[in-house]
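Take a look at the letters that make up each chain.
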Amino acid sequence: MSAGAERPAERRPPGRRQVRLGAHFPGVNATSVWSDPASGSHIDFSSFVHMARTAERSRFDFFFLAEGLRLREKKGRIHDLDVVGRPDTLAVLAALSAVTEHLGLVGTLTTTYNEPYEVARQLATLDHLSGGRAGWNAVTSPDAFTGANFRRGGFLDRADRYDRAAEFVTVVRSLWRSWGVDDLVADTDGARFVRDVEVGAFSHRGRHFDVEGHFPLPRSPQVEPVVLQAGDSDAGRAFGATHADGIFTLARGLDEARAFSADLKGRAAAAGRDPDHLLILPAATFALGDTTEEAERHAAEVRRAQVSGATALQFLERFYNRDLSGYDPDGPLPDVEPLPEPEDPLLVQGQVVPTVDVVAQVREWRELAAAKGLSLRDLVVEVSARQTFVGTAAEIAEQIDHRVQTGAADGFILVPHLSPGGLDELAERVVPLLQERGSVPASYTGRTLRENLGLPAEPPVRSHPVRSHP
Ligand SMILES: Cc1cc2nc3c(=O)[nH]c(=O)nc-3n(C[C@H](O)[C@H](O)[C@H](O)COP(=O)(O)O)c2cc1C
């Protein structure tokens, strides 16, 4: 099926943009609520199967796994607040390819500690196993803390991460394209298995990689599995706009989201690309109810469950740069002033470091807590936890659709707070309303993930080995 054949089958009203949907498996983030009685395993294969099948029944474009390579720590001890324990991404996706038929399978893998050859081979393998449903969220993992897992440790300056990432993705793509269309001959009469002895040849010499050889796998169904990128800095945006098919980003307010999307699409156009071939896919959380009031109540309950007293203290420690374990989460904000740098370098590890003026930030929060009579924990719930979409099924369908139709996003990667059933209600109640509007197709019309996402189905294939010596 070509990309051109996809559109008539969708019966999308003229001018209406398609809402792309990803299903984020919970864990590796602060939104998962492991303590809820309805929360199941994050490791049993049955949990992955449950959510993948829910997503596929409701015609999500893809299933998505984030990656956390190191557990968060406080002062050298595992920070026992998060959902921890995550099986290997590629093994999970490969297993899911056997129990799903149409759903894209997207995994997060870092370009900082891996090698292009192994990632190219792993993803080409997944693409073969799944019949063209593989995707890769290419991230750049800045911290030396995570790097300590690996031989090279934290070997890259922050500024060099995207330089390596760009070269990494370029090499991976050249390996994916190293076999031409007709290279696998399997001609028993002529006693030839491959076209000639050069098939799969690659050679690349650059600043970060110096590799050559013969790639061991013929071209996969998509030729190039779908590549997403996550990392919102200027360098991250430049990398994503040039090299990615989609951007996984944080949800923002409507105006800011539109500006972000316009910025990325503008950068893609400036790089000579069709901006429609760069999908903006923010992470989105949600709380659904039978009435607006019930949804708001549910949203508030989930936010409180996401922010335990210990989580609230740990959140503030990143701003105070002090160990706050002696403070009562149900009491007022700590009466000490924030420090410009952490008092102990091991205080918080594996978490994003705030880039704001911490003194001004804490002052603002003190004023807010005083004005609203908030305890320390109430304040953290108020400022840190907020669902992107809250409402009835009809209201959430409208909120999602409005954002896509007004150019604030091309779709969403939906992040439930529970595993494995956290997506069920939204999939069953909201997606059919998007389908009624013609914003989500009734069924899968493409064969591959690329086709279902409206990306060029077959990127130009070179029938001769790529040799690049930048
Ligand atoms: C929405 C989003 C999701 C991300 N998911 C992951 C992830 O699963 N694993 C990971 O190691 N890094 C992840 N990152 C981190 C980025 O790869 C990047 O290292 C980080 O955002 C800092 O990059 P920056 O300097 O461009 O902001 C994510 C970033 C964003 C914005």
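All values derive from a computational prediction rather than experimental measurement.

Criteria and thresholds
Residues numbered from 1 in each chain as written. Predicted model: local features only at pLDDT ≥ 70, side-chain atom pairs only at ≥ 80, totals over all residues. Heavy atoms only, no water. Helix = DSSP H or I, 4+ residues; strand = E, 2+ residues; numbered from the N terminus. Rg over C-alpha atoms; globule rule 2.2 N^0.38 Å. Buried < 20%, exposed > 50% of the residue type's maximum accessible area, 1.4 Å probe, protein only. Contact = heavy atoms within 4.5 Å. Salt bridge = Lys/Arg side-chain N within 4 Å of Asp/Glu carboxyl O. UniProt positions renumbered as here; feature names shortened; annotations may be inferred. 1 Å grid on protein atoms, 1.4 Å probe; cavity = no way out; pocket = protein on both sides within 12 Å on 5 of 7 lines; lining within 4 Å. Points joined across faces, edges and corners; volume = space filled by probe spheres on them. Nonpolar A, V, L, I, M, F, W, Y, C, P; charged D, E, K, R; others polar. Near = heavy atom within 4 Å. Polar contact = N/O pair within 3.5 Å; in protein donor to acceptor, adjacent residues only side chain to side chain. Areas by Shrake-Rupley, 256 points an atom, 1.4 Å probe, with all protein chains shown as cover. Pairing = 2+ DSSP bridges. Lys, Arg positive; Asp, Glu negative; His and termini not counted. Core = buried A, V, L, I, M, F, W, Y, C linked by side-chain atoms within 4.5 Å. Axes fitted to C-alpha atoms, helices over the stretch in contact; angles between N-to-C directions. Parallel < 35°, antiparallel > 145°, perpendicular 65-115°, else oblique. Left-handed = near helix turned anticlockwise from the far one by under 90°.

## Description of the overall build of the chain
- Summing up its helical and strand segments, the chain has 16 helices and 17 strands in all.
- Computed over the C-alpha atoms, the radius of gyration of the chain is 23 Å, within 12% of the 23 Å expected from 2.2 N^0.38 for a compact globule of 470 residues.
- With respect to the three principal axes, the spread of C-alpha positions in the chain is 80 × 50 × 45 Å.
- The burial tally for the chain puts 51% of its 470 residues in the buried class.
- Counting contacts in the chain only where the partners sit at least 6 residues apart, residues at least 24 apart contribute 76% of the total.

## As for the pattern of salt bridges
- Scanning the entire structure with this criterion turns up 30 salt bridges.
- Here Arg-17 makes a salt bridge to Asp-410, at a shortest N to O gap of 3.0 Å. One end of the pair, Arg-17, is in the loop between helix H1 (3–10) and strand S1 (20–24); the other, Asp-410, is in the loop between helix H13 (393–405) and strand S16 (411–414), with 393 residues separating them in the sequence.
- With a relative accessible area of 8%, Asp-410 lands in the buried category.
- A salt bridge links Arg-258 to Asp-255; the shortest N-O distance between them is 3.7 Å. Of this pair, Arg-258 and Asp-255 both sit in helix H8 (residues 254–270), separated by three residues, roughly a single helical turn.
- A relative accessible area of 28% places Arg-258 in the partly exposed class.
- Here the salt bridges do not stand alone but share partners, grouping Arg-173, Arg-177, Glu-224, Asp-245 and Arg-450 into one network.

## Some remarks on the UniProt feature "binding site: FMN" (unreviewed entry) in the chain
- Within this numbering scheme, the UniProt entry marks Thr-108, Tyr-162 and Ser-233 as carrying the feature "binding site: FMN" (unreviewed entry).
- Inspection of the secondary structure puts Tyr-162 in helix H6 (residues 161–176).
- Discounting residues that sit within four places of it in the chain, Tyr-162 has contacts with Thr-140, Gln-229, Ala-230, Gly-231, Ser-233, Ala-235, Gly-236 and Phe-239.
- Among the structural elements, Ser-233 can be located in the loop between strand S11 (226–229) and helix H7 (234–243).

## Notes on empty space enclosed by the protein
- For the coordinates displayed, the defined rule picks out one cavity of 30 Å³ or more.
- Roughly 40 Å³ of internal volume is contained in the largest cavity.
- As for the largest cavity, its lining consists of Thr-31, Thr-285, Phe-286, Val-302, Gln-306, Gln-387, Val-415, Pro-416 and His-417.
- Considering only residue class, the lining of the largest cavity consists of four nonpolar, five polar and no charged.

## Notes on the site of the ligand
- Around the ligand there are 17 residues in total, and Glu-67, Arg-161, Tyr-162, Ala-230 and Ser-233 lie nearest to it.
- Between the ligand and Tyr-162, the relevant distance is 2.6 Å, taken from an oxygen atom to a side-chain nitrogen or oxygen of the residue.
- One of the backbone nitrogen or oxygen atoms of Ala-230 is found 2.9 Å away from an oxygen atom of the ligand.
- Against a free-state accessible area of 620 Å², the protein chains account for coverage of 79% of the ligand.

## Here we look at the side chain of Gln-349
- Locating Gln-349 in the fold gives a position in the loop between helix H10 (309–320) and helix H11 (358–372).
- Assessed through its relative accessible area of 17%, Gln-349 is described here as buried.
- Beyond its immediate chain neighbours, meaning those up to four positions away, Gln-349 contacts Arg-72, Glu-73 and Phe-145.

## Concerning the pairing of strand S13 (residues 279–284)
- Most of S13 sits out of view: six of its six residues are buried.
- Neither face of S13 is exposed, since Leu-279, Leu-281 and Ala-283 on one face and Ile-280, Pro-282 and Ala-284 on the opposite face are all buried.
- Examined bridge by bridge, strand S12 (residues 246–249) and S13 share four bridges and lie parallel to one another. When the bridges of S13 are listed, Gly-246 appears paired with Leu-279.

## Brief notes about the side chain of Arg-273
- You can see Arg-273 is positioned in the loop between H8 and S13.
- Although Arg-273 is buried, it makes no salt bridge; Asp-245 carries the closest opposite charge, 4.4 Å away.
- With residues near it in sequence (within four places) discarded, Arg-273 still touches Gly-240, Ala-241, Thr-242, His-243, Ala-244, Asp-245, Ala-268 and Leu-278.

## A look at helix H12 (residues 376–384)
- Taken together, the buried positions of H12 are Leu-376, Arg-377, Leu-379, Val-380 and Val-381.
- The inward-facing, buried residues of H12 contact helix H9 (292–306), H10 and H11.

## Comments concerning the nonpolar core
- Ranked by internal contacts, the top residues of the largest apolar core, which has 62 residues, are Phe-60, Phe-63, Leu-96, Trp-136, Leu-414, Leu-423 and Val-430.
- For this core, the leading source of residues is H6, giving eight residues.
- Beyond its immediate stretch of four places on either side in the chain, Leu-96 contacts Phe-45, Phe-48, Val-49, Ala-52, Phe-63 and Leu-105.
- Ranked by size, the runner-up nonpolar core spans 19 residues in total, among them Leu-313, Leu-324, Ala-369 and Val-380.

## Brief notes about the packing of H7 against H8
- Running from N to C, H7 and H8 point in directions that differ by 55 degrees, and their axes come no closer than 8 Å. Between H7 and H8, the angle is such that the two are oblique. H7 and H8 meet at a crossing whose hand is right-handed. Along its contact with H7, which presents Asp-234, Arg-237, Ala-238 and Ala-241, the element H8 presents Phe-260, Asp-263, Leu-264, Arg-267 and Ala-268.
- Its residues placed into classes, the contact of H7 with H8 shows five nonpolar, no polar and four charged.

## Description of the environment of Ala-310
- With respect to the helices and strands, the residue Ala-310 is situated in helix H10.
- Distance from Ala-310 to Pro-329, taken between C-alpha atoms, is 7.4 Å for residues 19 residues apart in sequence.

## Description of the sheet that holds strand S5 (residues 104–110)
- The sheet built from eight strands closes into a barrel, its strands ordered S1-S2-S5-S6-S11-S12-S13-S16 with parallel pairing. Direction aside, neighbouring strands of the sheet carry axes that sit 30 degrees apart on average.
- Where strand S2 (residues 62–65) and S5 come together, four bridges link them in parallel fashion. Each residue of the ladder has a partner; that of Phe-63, found in S5, is Leu-105.
- Each of S5 and strand S6 (134–139) touches helix H4 (residues 116–130); the most contacted strand, S6, lies at about 155 degrees to it.
- Strand contacts of H8: S12 and S13, with the helix running at about 145 degrees to S13, the strand carrying the most contacts.

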